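Here's the letter readout for the chains.
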Amino acid sequence: MSTVQNPTPNPFNQQRPIEGIKHIIAVGAGKGGVGKSTVSTNLALALAQLGKKVGLLDADIYGPSVPKMMGTAKLQPNVNADRRIEPMIGHGIKIMSMGNLVDDQSAIIWRGPMLFKAMDQFLRDVIWGELDYLIVDLPPGTGDVQLSLAQKVPLSGAVVVSTPQDTALADVKRCIDMFKRVKTPILGVIENMSKYVCSHCRHEEDLFVPGELHQFLDKEKIPLLGKIPFNRSIGQGSESGTPQVGLDPQSAESAAIMGVARKLVELSP
Ligand code: ADP
């Protein structure tokens, strides 16, 4: 007698597009502190400067820094009569972040199912409207939020942010492997803090010992979307609530970020 086995359900069958949003692009990093949120916020402004309608979802549930970087930290979202959430607006970008729902001193201690629910609400219950790009700033590493996002919505692709040294490379590899496993196309890698640029004399110097990131990307045929220098004004932008691209659009640093945004538009038109 033969038994019929239920096939394992494919989690990606749950994927549903969000009406009105053309491209959802995830920004990930193998670990924290490499500048993922700085890059996400600047990219959002850069895409808007290219005439695109942009939303920014801060999916870094445990450590949301988008509100501070976008100058929206003091805002709280309105919930309308249909219990849908109006996103905050900063620099013309529609923004949603856990940081606007909890005070900045409370620890967020959530497990998988709660994270899944929060991601669902951020994606489905926020009134995103018509967007060309929804940039999703992921938490660092390879965890439940990344998995949940990939299962819930079709992603146009993922961008991985890294610093140049070899101690970051193993984390980049893990991050890329995760996106491959959840069948998200890798649009490319952004090297952040690639050089230190002195704000007085523009002297350039390696901030980190350069490693084998570029060789790895060549070998894997993954595009390097751009190199963003380490510059005090980029950090200043994040602290002040106006990212560099808004603070000083004519600077070399903003030009580097605009270059990445143009490549993303080419890859996901
Ligand atoms: P992550 O999201 O990867 O944890 P953040 O974007 O929060 O990293 O950046 C960590 C710190 O480094 C922040 O204080 C930020 O202002 C600073 N930073 C990031 N990228 C740069 C850069 N290219 N130049 C100067 N400071 C930077």
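These figures come from a predicted structure and were not determined experimentally.

> Help me understand the site of the ligand in this model?
As a matter of local geometry, the ligand sits amid 16 residues, with Gly-33, Lys-36, Ser-37, Thr-38 and Pro-229 nearest to it. Within the side chain of Asn-192, one N or O atom sits 2.9 Å away from a nitrogen atom of the ligand. Within the backbone of Pro-229, an N or O atom sits 2.9 Å from a nitrogen atom of the ligand. Against a free-state accessible area of 560 Å², the protein chains account for coverage of 81% of the ligand. For the shell around the ligand, the elements supplying multiple residues, two or more each, are α1 (36-49), β7 (186-197), β9 (224-230) and α7 (232-240).

> What exactly am I supposed to notice about the packing of aromatic side chains here?
The geometry of an aromatic ring pair is captured by the separation of the ring centres together with the interplanar angle, meaning the angle of the planes. Per the stated rule, a full pass over the model turns up one aromatic pair. Where Tyr-196 meets Phe-230, the ring centres are 6.2 Å apart and the plane angle is 35°; that geometry is what we call tilted. Of this pair, Tyr-196 sits in strand β7 while Phe-230 sits in strand β9, and the two are 34 residues apart along the sequence. On the basis of relative accessibility, which here comes to 29%, the residue Tyr-196 falls in the partly exposed class.

> Sorry if this is basic, but what is going on with unusual backbone geometry here?
Glycine aside, the phi torsion of most residues is negative, and most peptide linkages are trans. Notably, Met-193 is not glycine yet its phi reads approximately 60°, a positive angle. Although it is not a glycine, Arg-202 adopts a positive phi angle of roughly 60°. Residue position: Arg-202 is located in the loop between β7 and β8 (204-205).

> What's the story with the pattern of salt bridges in this structure? I'm lost.
Side chains carrying opposite charge are able to pair once their charged atoms draw close together. Enumeration over the complete set of coordinates arrives at ten salt bridges. Where Asp-120 meets Lys-152, a salt bridge forms, and the shortest distance between an N and an O atom there is 3.4 Å. In this pair, Asp-120 sits in helix α3 (residues 112-124) while Lys-152 sits in helix α4 (residues 144-152), placing the two residues 32 residues apart along the sequence. Lys-152 gets classed as buried once you look at its relative accessible area, which sits at 10%. Here Arg-202 makes a salt bridge to Glu-253, at a shortest N to O gap of 3.1 Å. You can see Arg-202 sitting in the loop between β7 and β8 and its partner Glu-253 sitting in helix α9 (residues 252-267), a full 51 residues away along the chain. Glu-253 sits in the buried class, given a relative accessible area of 2%. Here the salt bridges share partners, and the residues they tie into one network are Lys-31, Asp-171 and Arg-174.

> Just to check I follow, could you spell out the pairing of strand β5 (residues 131-137) for this structure?
Looking along a regular strand, one sees the side chains alternate between the two faces of the sheet. Within β5, seven of the seven residues are buried, which leaves it mostly tucked inside the rest of the structure. Note that strand β1 (residues 21-28) and β5 share six bridges and pair parallel. Bridge assignment links Ala-26 to a residue of β5, and that residue is Val-136. Alignment of strand β2 (residues 54-58) against β5, held across five bridges, turns out to be parallel. Pairing of Val-54 across the sheet is with Tyr-133, part of β5.

> For this particular structure, what's the right way to read the state of the cysteines?
Disulfides are covalent bonds that link the sulfur atoms of two cysteine residues. Applying the stated rule across the entire model yields zero disulfides. Cys-201 takes part in no disulfide bond, and the closest cysteine sulfur to it belongs to Cys-198, at a distance of 3.6 Å.

Parameters and conventions
Residues numbered from 1 in each chain as written. Predicted model: local features only at pLDDT ≥ 70, side-chain atom pairs only at ≥ 80, totals over all residues. Heavy atoms only, no water. Near = heavy atom within 4 Å. Polar contact = N/O pair within 3.5 Å; in protein donor to acceptor, adjacent residues only side chain to side chain. Areas by Shrake-Rupley, 256 points an atom, 1.4 Å probe, with all protein chains shown as cover. Helix = DSSP H or I, 4+ residues; strand = E, 2+ residues; numbered from the N terminus. Phe/Tyr/Trp six-rings, centres within 6.5 Å; stacked < 30°, edge-to-face > 60°. Buried < 20%, exposed > 50% of the residue type's maximum accessible area, 1.4 Å probe, protein only. Salt bridge = Lys/Arg side-chain N within 4 Å of Asp/Glu carboxyl O. Pairing = 2+ DSSP bridges. Disulfide = S-S within 2.5 Å.

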